[in-house]
Amino acid sequence: MSYRFPALRPMVAACLVAFPFFSFASPAPATPDAGDGTTVLPRVTVADDRADIAPARDVDGDSLRVAASSDTASLLANLPGVFVNPAGGVSGLPSIRGLADDRLRIAVDGADISASCPNHMNPALSYLPPAAVGTITVYPGITPVSVGGDSIGGSIVAERAPMRFAAPGEGIVVDGEVGVVGRSNGHVLGANARVAVASERFSLRYTGNSIEADNYHAAEDFKEYGFTGRAGHALDRDEVGSSAYTVRNQNLDVAWSRDGHLLEATVGWQRIPEQGFPNQRMDLLRNDQQRVNLHYAGELGWGRLEVRAYREDLEHLMDFGADKRFFYGAASRGSNPPYDNGVSCEQGRMCATGMPMNTDSDSSALSMDADIRLTGDDRLRLGVLHRRYRLDDWWPASGGMMMAPNTFWNIRDGQRDRSALYAEWERHFDTRWTAEIGARFERVRMDAGPVQGYSMMDMMGSNVMRDVAAFNAADRAHSDGNLDLSAIVRHAHDQNLDIAFGLSRKVRSPGIYEVYTWSTWQMAALMNNFVGDGNGYVGNLALRPERAVTASATFDWHAADRRWELQVTPYWTRVSDYIDAVQWDAAANAPRSTPLVGAFSVLKYVNQSARLRGVDVSGSVVLGETAWGRFGFEGKVDYLDGRNTETDDGLINQMPLNARLALTQRSNGWDNALELVAVDRKDDVSRVRNELVTPGYALLNLRFSKAWEGFRVDFGIENLLDRSYSLPTGGAYLGQGSTMTNPMPPDYPQWGVPVPGPGRSVYLGLNLSF
């Protein structure tokens, strides 16, 4: 069944008609005043007090999400303007007002973490499990330069829970927690633990978590086949192939504190032995990350100083997982179309055993930030940053013919270094007017070494030798000087209305995988894709940085005691040199004269231009207090219109009109919610990428939580009515079959199937603290 929500559209249209007559900016709805009548920087903070996840704006439904998902990005789903592009079970990609992935700055414990994978299977938030979250602060749209840089969308700043020290005279304090979680759909089982020992000066803490999941199931059959390309292994028609995962995280923290000075050191490890991706041709079969984070924060006579040093080493492996065909070639006794199974064979000239793809990266960073007190409440913030990033992406030979005898170098000696400095002035004119202006300059330098294909021959029209020669002869060094500017004004009009508005200019240099992936050969290009649409992508050495100008405003109406509140945030963004794509003819080495329709294709990144506009509406109200507790209503409505202004095409992975509405009840430790999720039909799609249309849908979620002293139980049912639906930004289904190849329909029956959302799932979480 398809749903439409026409009643929401007149309100959205009115906001957009009025929008051009204003000069706007600001992140999301403003938070309550700072105690002196002034309004603090509009932002949304998701806070976690060991167990509770709740925004500072009292969107208490988020407190119930830790047990409902393994993906930290999903904790942001209730925030205005934010949605998640689904990927692997712990690797969703947050999107803020239509801009996602590398277009956002995402920092974890103060460190920028890059996705080191041609499919972006290891994004920044995948290294932070939900149970370990301390705070997540989201800056939508207009971002202060102190938390921005190398991005054109918003910023997400995630932190683990702060270290605890004993109070004076308390002696040695030992505390901790253990928790378990289970979910019925996918047979998810996870556990987390934390133990800490602290005195007044020193603190030591260990945290760890582990979670395993099988494939999840849709509410009903969504495909007409069960084959996987592996003899003797088939999937149910409602089973979402390649959605299983296993993840383990560990952290050891030590800290020292004295007289307003804090020193912290963190050592972290992640091991992911398996994470399937239903919208990618490959699966993650190993992700080993080691990191060291050193942090100093001190209160000095003139203000606050923070210094951070970070180091990360990563080893990453992709290949075909358990639900995708592994053996190819004549010896596997199967032809390439995905309805044939490949039987086990020994690697050789007539047998390819998978297609291993390795990525190694290392990054190191040093930053310094100063917050200087001026007269009154005024502030001057200054900062510098240098980040060094190195990456190798290579594919070992596998069998004979087209994937031998050499190693295929997708990216060799990739380099991307950033050096930045910023200044930001916060001026309090009086108790009602505040302004914040800032400038940030970044120098981004990129380069890569020479590449090679599997062989010194052009097999079956692969054009590898042509592409290798052209790439190796080209000037591959890039150097960009990027200037960001932002201005935000906040006005406390009266006790019932706060307004924030302003303007920003932000610049992002293209990423390594957008510039240095070089092969137009279909099989190689298909492995380079981080939007999940099933197409192949080729890099472009001539890409220029994206430059975005954003205007936005937040109108925050509320009761003096915040028993009711309504925030409306219209926004408008124009992006020059927006990195989009054109369909590519490998034989002619030029754009296709007649684009492929109704099929996966190969595309090349190009600079064009884009415009994004929309409005976020959110609010809450206390309905009443009875013997059964406090009842409330809260929700959000998001409207987004994103277009390529050169081609009048839709932009990839844009969320249609959607709403989240919840009836809440709280009483004596109970925190319960009945939530409605409504999403309109998505038919404004990216035609050049053959993006799939998805029907509208409506879901009900039911959540209960009960907290006692030292113990908490979370219970709920996601998709209560077991509705079948497709994920609007979930991409094309590639979870099973012969995903190495790209035959045309009807030989490729997967074409046209979007990734479905999960059917009904019951979850239970138990958490014991001491």
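The structure we're discussing is the one just above.
For clarity, every value in this text was computed on a predicted model and none was experimentally measured.

Enquirer: Outline the overall build of the chain, listing residues and values.
Expert: Per the secondary structure count, the chain includes 4 helices and 38 strands. A total of 770 residues make up the chain; the buried ones form 61% of that total. At a minimum sequence separation of 6, the contacts of the chain that also span at least 24 residues come to 70%. Counting every atom, the chain has about 28700 Å² of accessible surface; 58% of that belongs to carbon and sulfur.

Enquirer: Can you lay out the side chain of Arg205 for me, pointing to particular residues and giving the numbers?
Expert: Mapped onto the elements, Arg205 comes out in strand E12 (residues 202-213). Looking at Arg205, the relative accessible area reads 9%, which means it is buried. Looking at Arg205, its side chain comes within polar contact range of the main-chain oxygen of Ala161, at 2.8 Å. Setting aside residues up to four positions removed in sequence, Arg205 forms contacts with Ala161, Pro162, Met163, Arg194, Val195, Ala196, Asn251, Leu252 and Asp253.

Enquirer: Lay out the environment of Leu651 in plain terms, naming residues and giving numbers.
Expert: By the element assignment, Leu651 lies in the loop between strand E33 (649-650) and strand E34 (658-667). Sequence separation of Leu651 and Val688 is 37 residues, and the distance between their C-alpha atoms is 9.4 Å. Residues within four places of Leu651 in sequence aside, it is in contact with Tyr578, Asp580, Ala610, Leu612, Gly642, Arg643, Asn644, Ser686 and Glu691.

Enquirer: Could you give an account of unusual backbone geometry, with specific residues and numbers?
Expert: Pro405 follows Ala404 through a cis peptide bond whose omega is 5°. Within the element layout of this structure, Pro405 appears in the loop between strand E22 (379-395) and strand E23 (408-428). Positive phi, normally seen in glycine, also occurs at Asn690, with a value near 55°. In this structure, Asn690 sits in the loop between strand E35 (670-679) and strand E36 (697-708). Judged by its relative accessible area of 11%, Asn690 is buried.

Enquirer: Describe the environment of Trp572, naming the residues involved and giving the relevant values.
Expert: Mapped onto the fold, Trp572 is located in strand E29 (residues 564-585). Taking the C-alpha atoms as reference, Trp572 lies 8.8 Å from Val615; in sequence the two are 43 residues apart.

What counts and how
- Residues numbered from 1 in each chain as written.
- Predicted model: local features only at pLDDT ≥ 70, side-chain atom pairs only at ≥ 80, totals over all residues.
- Heavy atoms only, no water.
- Helix = DSSP H or I, 4+ residues; strand = E, 2+ residues; numbered from the N terminus.
- Buried < 20%, exposed > 50% of the residue type's maximum accessible area, 1.4 Å probe, protein only.
- Contact = heavy atoms within 4.5 Å.
- Areas by Shrake-Rupley, 256 points an atom, 1.4 Å probe, with all protein chains shown as cover.
- Polar contact = N/O pair within 3.5 Å; in protein donor to acceptor, adjacent residues only side chain to side chain.

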